[in-house]
Amino acid sequence: MKKIISEFLDLVKERNAHEPEFLQAVEEVAETVIPYIVKHDIYYGKNVLLRMVEPERLISFRVCWVDDNGEIQVNRGYRIQMNSAIGPYKGGLRFHPTVNASILKFLAFEQVFKNSLTTLPMGGGKGGSDFNPKGKSDNEIMRFCHAFMSELFRHIGPNTDIPAGDIGVGQREIGFLFGMYRKLRNEFTGVLTGKGMTWGGSLIRPEATGYGTVYFAENMLKTKNDSFEGKTIVISGSGNVAQYAAEKSIQLGAKVVTLSDSSGYIYDEEGIDNEKLTFIMHLKNEKRGRISEYLEAYPNAKFTKGKTPWHEKCDIALPCATQNELNGDDAKVLLSNGCMCVSEGANMPSTKEAITEFHKAKILFAPGKASNAGGVATSGLEMTQNSLRYKWTREEVDKKLKEIMGDIHQSCIDYGTDEDGYIDYVKGANIAGFVKVADAMLAQGVV
Ligand code: NDP
Ligand code: 2IT
């Protein structure tokens, strides 16, 4: 088995040299899915996984725009259309200076499995740009988004490819992108998700990724007859996912003690309550400030510059910032401090070494493609509402989100339970996600 896996990975490495994040994502999937393929004749010998690691289409384009000083700026835009066997391409757009083909391919690859797990008919894609939104004026953001969409529009559509937000792309950016798409196509369709509530957005979509990450963790805890009540939670990030993971944790009676951004983390021993979270939401979403400014309002908290929060004692950790933000050493510290559950809000935040530590210790560990799938699932619900030209209530969408997270959890149990009863959520999510896409690909033939 080791030989088959390493031969496969060597081939992928040869074709995708210099793409470490993509190779990391493929390796994790190959190690769990290839043993399953080998045991199942319908998949064996059909090169299904080899077909899945090759994007159906990879689009790269120039984005030129004029900044507030009248200087012409040039960025690179991308859309990776990874797999459309079970539905139109679906996945977010990331605006961050680190964006490159490797990062977007890893995200698009993960998205294929994640979208398959949601139970909804969505293929996988991802896109974005190396544009850095930090410090830009609203007008600069608008000009960049318009320039970006002036090329992207020809590659997407409500039945072809439906982008959404990710790091650096929130409701403000989706608005500017949607405006340009609508103008160029002269049509009002559900081509993007994460739209504003008065122009086609779904209630609960802003909250969905963070809430879903906590719902998934709740499901995991239930297998141990446990809950969030009274637990201490450490969260990284302070953007969309982190904010709503914190909100739901507080609602469930837990104490959230940290949040972070790329400059460091805050620790509030008394707990970040609803009032403090409202302050953070205003600071990050309206003022677009730094998390260290929390101390100006709450001086009892401490700010640690340039560090991640994993050395603080907790029962549950929710990594909600970015990829590879939690390494093997961090995992050891979390475990030695008694952490018993990790639910990933971000995509691939734990390194391979960290996951090995969590599995060795047999704690509850959920990979992002299962635990953060609530965001894209609710995007799927937004698409349904757009097609119906209808709007569901908050309660209706939240109920569906909870059900979907429960279904994903059950799929992980079905495909990931080891002989000793330990639930390997990585294995479960990868195999369950794979089976649905592979079956569709086989049914549709070699295309
Ligand atoms: P936001 O842009 O709203 O927030 C991102 C947060 O992560 C910020 O606090 C940011 O800090 C921090 N961050 C970003 N890059 C780094 C870095 N290199 N090092 C340290 N901190 C960093 O993005 P989201 O909350 O939407 O996304 C967070 C994660 O969740 C990503 O991994 C994303 O792919 C994933 N995700 C998002 C979904 C969604 O619906 N939005 C759905 C599923 C997954 P700073 O402000 O300093 O950059
Ligand atoms: O990583 C993700 O799942 C997202 N950024 C959300 C994608 C979406 O289409 O809502």
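Anything mentioned here points back to the structure above.
Described below are features of the structure shown in this document.

Conventions we followed
- Residues numbered from 1 in each chain as written.
- Chains lettered and ligands numbered in written order.
- Predicted model: local features only at pLDDT ≥ 70, side-chain atom pairs only at ≥ 80, totals over all residues.
- Heavy atoms only, no water.
- Pairing = 2+ DSSP bridges.
- Helix = DSSP H or I, 4+ residues; strand = E, 2+ residues; numbered from the N terminus.
- Axes fitted to C-alpha atoms, helices over the stretch in contact; angles between N-to-C directions.
- Buried < 20%, exposed > 50% of the residue type's maximum accessible area, 1.4 Å probe, protein only.
- Expected span 1.5 Å × (residues − 1).
- Contact = heavy atoms within 4.5 Å.
- Parallel < 35°, antiparallel > 145°, perpendicular 65-115°, else oblique.
- Nonpolar A, V, L, I, M, F, W, Y, C, P; charged D, E, K, R; others polar.

## Quick word on the sheet that holds strand 1 (residues 57-66)
Point 1. One open sheet holds the five strands; their spatial order is 1-2-4-3-5, and the pairing between them is mixed. Pairing within the sheet leaves two strands with one partner each, and these edge strands are strand 1 and strand 5 (161-164). Between one strand axis and the next, the sheet turns by 20° as a mean value, whatever way the strands run.
Point 2. With six bridges connecting them, strand 2 (residues 72-83) and strand 4 (residues 124-129) associate as antiparallel partners. The residue of strand 4 that forms the bridge with R79 is G127.

## Focus on unusual backbone geometry
Point 1. At R288, a position not held by glycine, the phi torsion is positive, near 50°.
Point 2. Checked against the element boundaries, R288 lands in the loop between helix 9 (274-286) and helix 10 (294-297).
Point 3. The phi torsion at R389 lies on the positive side, around 50°, for a residue other than glycine.
Point 4. Secondary-structure assignment places R389 in the loop between helix 14 (374-388) and helix 15 (394-416).
Point 5. Assessed through its relative accessible area of 68%, R389 is described here as exposed.

## Quick word on helix 8 (residues 240-251)
Point 1. Taking 1.5 Å per residue as the helical rise, helix 8 with its twelve residues ought to reach 16 Å, and the 17 Å between its terminal C-alpha atoms agrees with that figure.
Point 2. With ten of twelve residues buried, helix 8 is to be regarded as a mostly interior element.
Point 3. Buried residues of helix 8: V241, A242, Q243, Y244, A245, A246, E247, K248, S249 and I250, and no others.
Point 4. Buried residues belonging to helix 8 abut helix 7 (205-222), strand 6 (232-236), strand 7 (255-261), helix 9 and strand 10 (316-319).
Point 5. One or two steps after helix 8, the chain reaches G253, where phi turns positive at roughly 90°.

## Brief notes about the packing of helix 15 against helix 16 (residues 425-444)
Point 1. Interaxial distance between helix 15 and helix 16 falls to 7 Å at its minimum, and their mutual angle equals 100°. By the criterion of interaxial angle, the relationship of helix 15 to helix 16 is roughly perpendicular. Residues H409, S411, C412, Y415 and G416 of helix 15 form the contact with helix 16, whose own contacting residues are Y425, K427, G428, A429, I431, A432 and V435.
Point 2. The residue makeup of the contact of helix 15 with helix 16, split by class, is seven nonpolar, four polar and one charged.

Interpretation in functional terms is not warranted from these geometric data alone.
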